[in-house]
Structures are given as C-alpha cells and as structure tokens.
Amino acid sequence: MKICVLVKEVPDAAVQKRIDQSTGRMDRGGEKNLNPYDTHAIEAAMQVREGGAVEVDEIVAVTMGPSSAVRALHKAVSLGADRSVHLSDDALAGSDVAATGYALAKTLERESPDLVLLGQQSDDGECYTIGAVVADHLKMPSLTQVIKMDVAEGKLTCERQAEYGYDTVEVALPAVISVGDAINEPRYPSLKAIMGAKKKQLDAVAIGDVGIEAGRVGEDGSRVVCGEFKSPPEKAGGTIIEDEDTNETVEKILAWLDERKLI
C-alpha cells in the first residue's frame, strides 16, 4: 500500500491573521508552521503502517505552496513520512479551493496512491472541503471527520463524527480520507528524525511537470472572487475600577451594570 498525506504550511498560531487588502489574500508574512491538523493525518498513516494489517510500502507527504513550504515538508518527514513532493509555481498564486483541489489531484495522479489522508481543515482558511474536491477529481470515494480507521486488504472501515453521533462506513480503496483531530495524539519527532529530515528525498515539481493546465489555477482559474476587505474596528479600552474602598467599589460596579441595563 502507498499512502499520500496532504499537508500545508500555515501561519503560526501566535501570528495575528490579516488580509492583504491589495490582493484579497491572506497575509502570510511572519512565522509559519506545519498545519497542526495535518499532523493527525501523518500519525494515522504511521499507525496503519505499524498496525500490520496491510503492508505499507511508502508514506509520501505532498504540499502545494511557495518555496518556504519545504519546512512543512521537513516537519512531515520528521514525523514519519518517507519522502515528500512540493508543488510550487508562480502560476498557482491566488488559487481558490476548487483550483487548489484540482492542482493537488493532478500531483497525486503521478503518485497513484492507494490511500490519501489529510487533516479535517487548515489552520488558516479553515476550509473543510479540500479532501472532497481532490477526491472528485481523482474519482475516489471520500469520507470526512473520520475519528477511527481500521484497514483491511482493499477496504477501510471508518467511524466518522456526525451531527447526531457517529457513522460507521465501509469504503473501498483507493480513497481520500479527511481525519478529525480526535483520531489520535500525534507523536513528537525524535532529534535523529529532525536532523535527518532534510536528507530525505524531496521532489520539487511545477505545474507543467504534473500536467496542470495553467488556465485552471491561480486567480484566473479560480471561481471565487474576493470583495472588499476591511479590518474590524479596534475595541475601546475597558473601564478599570480601583478597589480602594470596598463599599464604594461595589456601588461603582452596580452603577456601571445598571447603566447598561445588565441588572
């Protein structure tokens, strides 16, 4: 079995997310990291390999992004992937979900995986649909919000979260599975794995290498048109009441609440 794991470079959780008003895209300046939801997908791939129900020949991390995204791939390899594929091309800039899903699917076609795993969402755009878009292009069955996965020869038995509880679904391979963060607890990479990640095979490909049509990606190939973005108004500073006299402080608090009809 060959498993491909889709990963993404996202702004670090500590970085305030902003929209670049000149482009309508997210400002991706500052510290970046591997999307935390994708670490659960890598761990799921490792558990399939270690479970022994099927023989896993290779785990491949795949990403689409600028040159800096290689750091996310190195992190993915340090967590267990055997090698990585980096789709990077200026023509991809500004791709929406539909264009991104198409581009990733064309990249995966070259790999011919038996199973594609990815996190339930990205930590920046928080889009839950990329797995379904990729699956549609690959003509594979797709499941989302999977929190348990049992592998047998040629099929998966998955438990997925639903509004009313849980579904148990059997799906034939090859398939695209979006895993929820409740599926596992990702392991920490060892120092040896971190140091050796940069030495593992990393294939850099452009759109022409994987048969992507330039007119179907980037801003021109996207179906979403961004409107005008404005930063939210800054919040006014709060009222601080110094507790010098308890009775007086209580009266001030009650008066403040009463003025706003909160009591």
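Heads up: the structure comes first, above all this text.
Report on the accompanying structure.

The rules behind the values
Residues numbered from 1 in each chain as written. Predicted model: local features only at pLDDT ≥ 70, side-chain atom pairs only at ≥ 80, totals over all residues. Heavy atoms only, no water. Helix = DSSP H or I, 4+ residues; strand = E, 2+ residues; numbered from the N terminus. Buried < 20%, exposed > 50% of the residue type's maximum accessible area, 1.4 Å probe, protein only. Contact = heavy atoms within 4.5 Å. Areas by Shrake-Rupley, 256 points an atom, 1.4 Å probe, with all protein chains shown as cover. Lys, Arg positive; Asp, Glu negative; His and termini not counted. Charge placed at Lys NZ, Arg CZ, Asp CG, Glu CD. Pairing = 2+ DSSP bridges. Patch = residues over 30% accessible without salt bridge, like charges linked within 9 Å, V, L, I, M, F, W, Y side chains within 5 Å. Salt bridge = Lys/Arg side-chain N within 4 Å of Asp/Glu carboxyl O. 1 Å grid on protein atoms, 1.4 Å probe; cavity = no way out; pocket = protein on both sides within 12 Å on 5 of 7 lines; lining within 4 Å. Points joined across faces, edges and corners; volume = space filled by probe spheres on them. Nonpolar A, V, L, I, M, F, W, Y, C, P; charged D, E, K, R; others polar. Expected span 1.5 Å × (residues − 1). Polar contact = N/O pair within 3.5 Å; in protein donor to acceptor, adjacent residues only side chain to side chain.

## A short note on the overall build of the chain
Then step 1. Along its length, the chain carries 6 helices and 13 strands.
Then step 2. If you line up the chain on its principal axes, its C-alpha atoms span 75 × 40 × 40 Å.
Then step 3. The buried share of the chain, taken over its 263 residues, is 42%.
Then step 4. In the chain, of all internal contacts separated by at least 6 residues, the share reaching a separation of at least 24 is 70%.
Then step 5. When the accessible area of the chain is evaluated, it comes to approximately 14900 Å², of which 49% is carbon and sulfur surface.
Then step 6. Side chains of the chain carry 29 positive and 45 negative charges; the gap between the two charge centres is 5 Å.

## A closer look at the pairing of strand β8 (residues 115–119)
Then step 1. The buried fraction of β8 is high, at 5 of 5 residues.
Then step 2. Burial along β8 is two-sided: the residues L115, L117 and G119 and V116 and L118 are all buried.
Then step 3. In the sheet, strand β1 (residues 2–6) pairs with β8 via 4 bridges, with the strands oriented parallel. Among the inter-strand pairings, C4 is bridged to a residue of β8, identified as V116.
Then step 4. Bridging between β8 and strand β12 (residues 175–179) involves 5 bridges; their strand directions are parallel. Looking at β12, one finds that L117 is bridged to I177.

## What about a negative patch on the surface?
Then step 1. Among the surface-exposed residues, E242, D243, E244, D245 and E251 lie close enough to one another that they form a single negatively charged patch.
Then step 2. Mapped onto the elements, D243 comes out in the loop between β13 (202–205) and α6 (246–259).
Then step 3. Accessibility expressed as a relative area gives 53% for D243, which makes it exposed.

## Details of the layout of surface pockets
Then step 1. Counted as a void, the second largest pocket has a volume near 340 Å³.
Then step 2. Lining the second largest pocket are 17 residues, and of these P36, T39, K75, P186 and Y188 lie nearest its centre.
Then step 3. Across the lining of the second largest pocket, the residue classes tally to 9 nonpolar, 3 polar and 5 charged.

## With respect to α6
Then step 1. Under the 1.5 Å per step criterion, the end-to-end length of α6 is 20 Å for 14 residues, consistent within 8% with the ideal 20 Å.
Then step 2. For α6, the capping residue at the N-terminal end is D245, with a side-chain oxygen 3.2 Å from the backbone nitrogen of N247.
Then step 3. One or two steps after α6, the chain reaches K261, where phi turns positive at roughly 55 degrees.

Distances and angles like these do not, on their own, reveal function.
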